[in-house]
Amino acid sequence: MELRLTLEELGPTFIKLGQLMSTRPDLLPPSYIDELGRLLSSSAPVAGAVIVQVVEEELGMPIEDAFASFDVEPLAAASIGQAHVATLRDGTSVVVKVRKPGAVETIRLDVEILRTLAARASRVSTSARDLDLEGLVESFSRTLLDECDYSREADNAERFANDFADTPGVHIPRVFRALSTSRVLTMDRLSGLRVDDVDGLDAAHIDRNSVITRSIDVIVAMVFDNGFFHADPHPGNLFVEADGRIGLIDFGMVGVIGDDDRRLLVALFEALVAADADALARALRSLAPAGDAAPSLALRRDLGSFIADYHGRRLEDVQVGALIGTLLGILRRHHLRVPPTVALLLRMLTVVEGIGLRLDPAFSLGSSLRPAVEKLMVEARSPAALLDRARSSGRQLWRLGRALPENVDELIRTLNGDGLEIHLRARELAPLVTRLERTGDRLVAGLVVSALITGIGSLASGPRGIGWRGPLAKVGIGTIGALGTYLAATSLGRSLGGDRRS
């Protein structure tokens with residue numbers, strides 16, 4: 001809670017940063033994700049007169065010429081912009097999003113502060129370096145500035161509209177380009193019930209199961225067919241209209257799944273279905289490469305336990321959100337970070353499952369996604385897909401072949417010159433130093449014991465022995481010396497072999 005309240009006190013940029021961090025369950029544990037998800041998105045509105053001035057400057061005309069009516073009281077106000085209801089000359093009801101004056105300048109200033117803090121933290125903190133804090137700040141700053149550019153959101157909305165042009169059950173608001181710029185966005189106003197308004201849906205006699213089915217169809221089409229998905233499908237951005245259509249708004253945050261991401265996801269699904277911990281480890285290492293290599297044996301062991309927990313259970317009995325949370329916990333433990341798009345996809349699936357469970361406690365996202373996943377896996381093995389992968393591999397081999405002579409020549413020049421430099425991190429040497437210290441202690445102890453036993457053997461077998469009787473008196477000096485040498489060697493062997501019993 002303290003983190004959330006601190007971000008709210010710091011202002012709009014840090015609120016938005018916290019909201020973006022809540023989309024990265026691969027970086028933060030669930031408790032932080034849940035708390036950051038509660039960050040207030042509302043903000044104090046800018047005066048209506050100031051908004052009118054911005055709209056007129058951007059559109060290059062008096063507001064009366066652009067709209068038949070314009071409500072200066074905002075419908076909603078967020079950290080970056082605010083929305084106003086308006087009516088076009090032809091009577092069309094629209095929503096006009098207007099970026100607040102000074103929003104970009106404030107964000108740029110705050111981002112510079114964040115860059116400085118991230119750089120300082122990375123110099124003194126191993127955790128900050130492992131997390132690639134500086135890279136994260138750069139990524140989040142780009143996302144923040146992209147959300148300030150409403151022309152990007154207009155592009156996203158039109159792409160969604162094109163993707164679902166032949167889907168009658170989906171309503172994407174129309175963009176009015178003549179009344180839109182990078183600071184102003186004019187779109188159709190959607191009306192309806194929030195998708196999670198159980199009482200409202202029941203009162204309107206709208207079948208909740210049909211709402212779930214249509215919503216899942218939309219998600220499946222976005223992710224598995226189009227490779228372009230709405231990355232923030234919380235209930236406030238999904239509406240059920242009076243005619244039963246699913247309406248979507250707010251297209252500032254989207255995800256794009258490329259062919260490489262799709263192939264890696266197929267490998268991940270296949271490993272999960274086959275309950276193959278080794279294949280799952282390989283898929284995750286490809287999907288989420290490590291900054292510092294994680295111990296493969298430890299990763300396979302954790303994944304083996306993960307698979308054992310879920311193997312044999314019916315898909316209907318598995319909560320996808322819990323499965324994703326457990327898997328992301330393993331990734332965090334082994335310092336594996338998934339690409340931002342995949343993180344957005346996993347979060348989106350978790351949010352959708354939550355909506356489905358609110359509408360129907362018996363809802364199973366896994367069962368709903370099964371046909372699409374199986375179709376994707378079949379398509380990945382089709383002749384066309386195999387040929388495409390062969391072509392891609394051929395192009396990679398061709399590039400490697402072309403670069404090989406130059407790389408070999410550079411290596412030879414390096415060897416003939418100053419030679420190779422090997423860089424080691426101190427923390428990587430710590431286990432080796434500990435092992436050597438333990439080895440030295442054991443070797444010294446073994447040699448001391450060897451000398452002691454040899455001395456005892458000399459006394460026991462000499463002409464003026466100390467008078468011991470029994471087995472020890474019959475043991476020769478060579479045998480006892482050999483025993484001491486054996487003890488020393490055994491101690492050394494256990495040390496080099498990693499025996500932790502001492």
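Quick note: structure is the one above.
Rules and cut-offs
- Residues numbered from 1 in each chain as written.
- Predicted model: local features only at pLDDT ≥ 70, side-chain atom pairs only at ≥ 80, totals over all residues.
- Heavy atoms only, no water.
- Helix = DSSP H or I, 4+ residues; strand = E, 2+ residues; numbered from the N terminus.
- Buried < 20%, exposed > 50% of the residue type's maximum accessible area, 1.4 Å probe, protein only.
- Areas by Shrake-Rupley, 256 points an atom, 1.4 Å probe, with all protein chains shown as cover.
- Salt bridge = Lys/Arg side-chain N within 4 Å of Asp/Glu carboxyl O.
- Pairing = 2+ DSSP bridges.
- Contact = heavy atoms within 4.5 Å.
- Axes fitted to C-alpha atoms, helices over the stretch in contact; angles between N-to-C directions.
- Phe/Tyr/Trp six-rings, centres within 6.5 Å; stacked < 30°, edge-to-face > 60°.
- Core = buried A, V, L, I, M, F, W, Y, C linked by side-chain atoms within 4.5 Å.
- Parallel < 35°, antiparallel > 145°, perpendicular 65-115°, else oblique.
- Left-handed = near helix turned anticlockwise from the far one by under 90°.
- Nonpolar A, V, L, I, M, F, W, Y, C, P; charged D, E, K, R; others polar.

Draft legend 1. Seen up close, the overall build of the protein. If you tally the helices and strands in the protein, you get 21 helices and eleven strands. Looking at the protein residue by residue over its 502 residues, the buried ones come to 41%. Split by element, the accessible area of the protein, about 27500 Å² in all, is 57% carbon and sulfur.

Draft legend 2. Examining unusual backbone geometry more closely. A positive phi is found at H205, a non-glycine position, where the angle reads about 60°. You can see H205 is positioned in the loop between α10 (198–203) and α11 (208–226). Among the residues examined, H205 registers a relative accessible area of 74% and is labelled exposed. In the Ramachandran plot, D250 falls in the positive-phi region, its phi being about 65° despite a non-glycine side chain. Mapped onto the elements of the fold, D250 is located in the loop between β10 (246–248) and β11 (254–256).

Draft legend 3. View of the pattern of salt bridges. Summed over the entire model, instances satisfying the criterion amount to 17 salt bridges. The residue E158 makes a salt bridge to R177 at a minimum N-O spacing of 2.9 Å. Pair noted here: E158 is in helix α9 (residues 150–163) and R177 is in the loop between β5 (170–171) and β6 (184–188), with a separation of 19 residues, a long-range link. By sharing partners, the salt bridges in this structure join E112, R115 and E138 into a single network.

Draft legend 4. Looking closely at the sheet that holds β10. Taken in spatial order, the four strands make up an open sheet running β5-β10-β9-β7, and their pairing is mixed. In this open sheet, the two edge strands, each paired with only one partner strand, are β5 and β7 (193–194). As defined by bridge partners, strand β9 (residues 238–240) adjoins β10 across three bridges and the pair is classed as antiparallel. When the sheet's bridge partners are listed, F239 is paired in β10 with G247. Sitting on the sheet, α11 is in contact with β5, β9 and β10, with an inclination near 45° to β10.

Draft legend 5. Structural view of the packing of aromatic side chains. Applying the stated criterion across every chain, the model contains three aromatic pairs. Note on F67 and F70: the rings are 5.8 Å apart at their centroids and 45° apart in plane angle, and the pair reads as tilted. For the pair F67 and F70, one class covers both residues: buried. With a centroid separation of 4.6 Å and an interplanar angle of 40°, the aromatic rings of F160 and F228 are classed as tilted. Here F160, found in helix α9, pairs with F228, found in strand β8 (residues 228–230); they are 68 residues apart in sequence, far enough to count as distant. Each member of the pair, F160 as well as F228, carries the same accessibility label: buried. Grouping aromatic residues by their ring pairs yields a cluster made of F160, F228 and F251.

Draft legend 6. Fine view of the nonpolar core. F229, L248 and L303 are the most contacted members of the largest nonpolar core, which totals 97 residues. Apart from residues no more than four positions distant in its own chain, L248 is found in contact with V170, H171, I172, P173, L190, V218, M222, H230, N237 and L238. Residues V55, L59, A66 and L88 belong to the second largest nonpolar core, which totals 17 residues.

Draft legend 7. Structural detail: the packing of helix α2 (residues 12–21) against helix α6 (residues 103–124). It is the contact of α2 with α6, at a shortest axis distance of 9 Å, that shows an interaxial angle of 65°. Judged by the inter-axis angle, α2 sits roughly perpendicular to α6. The two elements α2 and α6 meet at a crossing, and its hand is right-handed. Here α2 contributes T13, F14 and L17 to the contact with α6, which in turn contributes T106, I107, D110 and L114. In terms of residue class, the contact of α2 with α6 is built from four nonpolar, two polar and one charged.

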